Amino acid sequence: MTKKDIEEPKFRPARQEAADARKAIDTPQTSSSAYRLAFQDTEFLLREDLRPVRFQLELLKPQLLMDEARIESTFVFYGSARIPEPDQVQARIDAATTPELKRIAENLGKKAHYYDEARKLASIAAQYPVNEAGCRHFVVCSGGGPSIMEAANRGAADVGQTTIGMNIVLPHEQAPNRFVTPELSFQFHYFALRKMHFLLRARALAVFPGGFGTFDEMFELLTLIQTGKMKPIPILLFGKAFWNRVVDFEALADEGVIAPADLNLITWVESAEEAWQAVQAFYHDSEPLGCG
């Protein structure tokens, strides 16, 4: 008896069974949805009662694919889907049809340099060396959309590295940006599972000016670390002038609703180089990054 004889599966694999099930003889019984294999029955899987199963599948699929890609940790990028890249600024201003739209286009244009900073930072992080066991760290991860998200994925692609996109189904038509590695381009139904995957492997996080989505993801991370649910990681906020205009962090501490020390969870930066130096300083005394 060989080792292969012992280890070889004794049951037919599900993939083979599924293929054979599609060849069923056409009868009233086999034509009924009740006869379909449960995991091939989309109508069944979309029933309200199956929500816990869908949760599990949406947690498991990206987990397994990233495990197979030997991705141990990620560098996550949050930020607006509306900030243009610098060479698009004037065209957007010129296309504005009202003074109000022109003002908004100009305001977004003032933030266009953050597209370049996100791209630069992603390029730096993506070049973090693969360790001897083949495990990857600081793999660039974004929401997979346009603007700052695109810049992050683009920066990794610039240096020939794989990069993750975590898209989500929205009512309006959209698609992942073209710089996401196709094998690491994920689509989510549940915001909760998407946010969980953003943070499960996160070893650093860059936050650029953004709207409700950026606020939601950033404050959830701050809350997880503040409450001890998650170990601290570098939280790099780009654009101190923007953030202090839209959120008065100091006032939160002055009002007593957060502790003054909570403000130390944030590291203010303005450039990609400054951000990467902060990450290096944070992990200066840590053990070398391994696998598992």
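Located above this text is the structure these notes cover.
Reading guide: rules and limits
The residue count restarts for each chain, going from 1 along the sequence in the order it is written. Where local features are concerned, this predicted model is filtered to residues with pLDDT of at least 70; where side-chain atom pairs are given and counted, the filter is 80 or more; whole-chain, interface and lining totals use all residues. Hydrogens are left out, water is left out, and the side-chain values use all remaining heavy atoms of the structure. Only strands joined by at least two bridges in the DSSP assignment are considered to pair. Helix and strand assignments come from DSSP, with helices taken as H or I runs of at least 4 residues and strands as E runs of at least 2, each series counted from the N terminus. Helix axes are fitted to C-alpha atoms over the stretch in contact, other axes to C-alpha atoms as well, and angles between N-to-C directions run from 0 to 180 degrees. Between two residues, a contact is recorded if the distance between any of their heavy atoms is within 4.5 Å. Just to be clear on terms, a salt bridge is a Lys or Arg side-chain nitrogen sitting within 4 Å of an Asp or Glu carboxyl oxygen. Only protein chains enter the accessibility calculation, which uses a 1.4 Å probe; a residue is then buried when its area is under 20% of its type maximum, exposed when over 50%, and partly exposed in between.

(A) Representation of the sheet that holds strand 1 (residues 74-78) within the structure. Judged by pairing direction, the sheet is parallel, and its seven strands sit side by side in the order 4-3-2-1-5-6-7 without closing on themselves. Among the strands making up the open sheet, the edge pair consists of strand 4 (185-188) and strand 7 (266-269). Each strand of the sheet is rotated relative to its neighbour by a mean of 25°, with strand direction disregarded. Examined bridge by bridge, strand 3 (residues 164-168) and strand 4 share four bridges and lie parallel to one another. Residue pairing across strands places N167 opposite Q187, the latter belonging to strand 4. Here helix 10 (residues 212-226) sits on the sheet and contacts strand 1, strand 5 (202-207), strand 6 (235-238) and strand 7; the angle it forms with strand 6, its principal contact strand, is near 145°. The strands touched by helix 13 (residues 272-282) are strand 1, strand 5, strand 6 and strand 7; relative to strand 6, the strand with the most contacts, the crossing angle is about 165°.

(B) The pattern of salt bridges, seen in detail. For the structure on display, the rule yields 14 salt bridges. R201 is the partner of D67 in a salt bridge, and the nearest nitrogen-oxygen pair spans 2.9 Å. Within this pair, whereas D67 is found in helix 4 (residues 51-68), its partner R201 is found in the loop between helix 9 (191-200) and strand 5, the two being separated by 134 residues in sequence. Of the residues examined, D67 reaches a relative accessible area of 38% and is grouped as partly exposed. Residue class for R201 comes out buried when judged on its relative accessible area of 9%. A cluster of three or more residues bridged by salt bridges with shared partners is formed by R12, E17, D20 and K23.

Interpretation in functional terms is not warranted from these geometric data alone.
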